[in-house]
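So the chains spell out like this:
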Amino acid sequence: NAGVTQTPKFQVLKTGQSMTLQCAQDMNHEYMSWYRQDPGMGLRLIHYSVGAGITDQGEVPNGYNVSRSTTEDFPLRLLSAAPSQTSVYFCASRTSGGLYEQYFGPGTRLTVT
Amino acid sequence: GNSVTQMEGPVTLSEEAFLTINCTYTATGYPSLFWYVQYPGEGLQLLLKATKADDKGSNKGFEATYRKETTSFHLEKGSVQVSDSAVYFCALSANFGNEKLTFGTGTRLTIIP
C-alpha cells in the first residue's frame, strides 16, 4: 500500500512550457485534491475531485487544469508555466466517509524560470 | 472570509521543554479544527482534530482544545523530543465535509538535544 504518490519530486521549467504533475493513490479514495504551498501563505486549494469524471475549482485555479478519468489518478496540468507558479505542490486524497483525514503525498517542488 | 493565524516561527526548544504553538481562527458558523504536521521531505499528516466547541484533540502526546469563546486551538505538548522537529500547520474546515481546508502559514519547530 503506497498511499498517495507524486511524480516528479523536483522539476524546473522555463516560462511558457507546459507539464503535468502526476498523482496516484491506491486506497480507493473518492476525493482527491491539489494544493500549492508557498512561503508565508500556508497551503491553498487549486482543484479537487469528488469522483471519477467530476472536478471543481478551489481557491487558486487559474493557470491549472485537471481531469479525473480513473479513481486512482488525478493529474495537474500547467498549460503555460509562469514564475508565479513556482511552488511546492501537494496532492491529497480521502474517502467520502473520512471527512476529517486527508492523506497527502510527498510533494513536487516546481521552479519556473 | 475564513482565516487561520498561527504564531510565527521558527521555534527552537530544548528536549523535554514545554511546547505551545498558538492558533486563532476566523470563520462563520461552526468550523472543524485540525493540526497537521509535516516532517522533513514528507507530505502533511493529520496530527489531531476537534469538531465542536470544548472538544480536545490529542495524539502522540500533543493536545489542543477547541475554544469557541476565544476562537483558538493552541497546540501543546508537555515534553518535546528531537523527533518532534517538523513544521506544524493549523487548519479549519468551515463546512462539514467541505474539501476546502484553510491553512495557517505553518510554524517550524526545531528541538535540540
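None of these values were measured; they are calculated from a predicted model.

Engineer: Got a minute to help me understand unusual backbone geometry in this structure?
Structural biologist: Trans peptide bonds make up the majority, and among non-glycine residues the majority have a negative phi. Looking along the chain, the bond that leaves A:T7 and enters A:P8 is cis, with omega of -5 degrees. Looking at the secondary structure, you find A:P8 in the loop between strand 1 (4-7) and strand 2 (10-13). For the bond running from B:G9 to B:P10, omega is -5 degrees, close enough to zero to count as cis. Inspection of the secondary structure puts B:P10 in the loop between strand 1 (3-6) and strand 2 (11-14). The phi dihedral of A:N28 is positive, around 60 degrees, even though this residue is not glycine. Position of A:N28 relative to the elements: it lies in the loop between strand 3 (19-25) and strand 4 (31-38). For A:N28, a relative accessible area of 57% translates into the label exposed. Positive phi outside glycine occurs at B:T71, with the angle close to 45 degrees. Residue placement: B:T71 occurs in the loop between strand 8 (62-65) and strand 9 (75-77). With a relative accessible area of 30%, B:T71 lands in the partly exposed category.

Engineer: Honestly, the sheet that holds strand 1 of chain A in this entry has me stumped. Any pointers?
Structural biologist: What links the strands of a sheet is backbone hydrogen bonding, and the strands pair in either a parallel or an antiparallel sense. Residue and element names in this part refer to chain A. Pairing is antiparallel across the open sheet formed by 4 strands, whose spatial order is 1-3-8-7. The open sheet has two edge strands with one neighbour each: strand 1 and strand 7 (64-66). Mean inter-strand twist for the sheet, computed between neighbouring axes without regard to direction, equals 20 degrees. Strand direction decides the pairing type here: strand 3 and strand 8 (residues 76-78), joined by 3 bridges, are antiparallel.

Engineer: Could you clarify how one ought to interpret the nonpolar core in this entry?
Structural biologist: All names here are of chain B. Membership of the largest hydrophobic core comes to 27 residues, with the highest contact counts inside it found for W35, L47, L48, F73, L75 and Y88. Looking at this core, the elements that each hand over two or more residues are strand 2, strand 3 (19-21), strand 4 (23-26), strand 5 (32-38), strand 6 (44-50), strand 8, strand 10 (86-93) and strand 12 (107-112). Per-element accounting of this core gives the leading share, 4 residues, to strand 10. If we skip the residues at most four places from it in the chain, L75 touches L19, T20, I21, W35, L47, L48, F62, E63, A64 and Y88.

Engineer: Please explain the interface of chain B and chain A as it appears in this structure.
Structural biologist: For an interface, size is often stated in terms of accessible area lost upon the parts coming together. The interface is formed by 20 residues belonging to chain B together with 20 residues belonging to chain A. Buried area between chain B and chain A, both sides added, is near 1700 Å², and the carbon and sulfur share of it is 61%. Linking chain B with chain A are 0 salt bridges. The interface formed by chain B and chain A holds 1 residue pair in polar contact (both at pLDDT 80 or more) in total. Contributing elements (two or more residues each) for the side of chain B that touches chain A: strand 5, strand 6 and strand 11 (101-103) of chain B. Per-element accounting of the side of chain B that touches chain A gives the leading share, 4 residues, to strand 5 of chain B. The residue inventory of the side of chain B that touches chain A, partitioned by class, reads 8 nonpolar, 8 polar and 4 charged.

Here is what the cut-offs are and how they apply
Residues numbered from 1 in each chain as written. Chains lettered and ligands numbered in written order. Predicted model: local features only at pLDDT ≥ 70, side-chain atom pairs only at ≥ 80, totals over all residues. Heavy atoms only, no water. Helix = DSSP H or I, 4+ residues; strand = E, 2+ residues; numbered from the N terminus. Buried < 20%, exposed > 50% of the residue type's maximum accessible area, 1.4 Å probe, protein only. Pairing = 2+ DSSP bridges. Axes fitted to C-alpha atoms, helices over the stretch in contact; angles between N-to-C directions. Core = buried A, V, L, I, M, F, W, Y, C linked by side-chain atoms within 4.5 Å. Contact = heavy atoms within 4.5 Å. Buried area = accessible area lost by both parts, 1.4 Å probe. Salt bridge = Lys/Arg side-chain N within 4 Å of Asp/Glu carboxyl O. Polar contact = N/O pair within 3.5 Å; in protein donor to acceptor, adjacent residues only side chain to side chain. Nonpolar A, V, L, I, M, F, W, Y, C, P; charged D, E, K, R; others polar.

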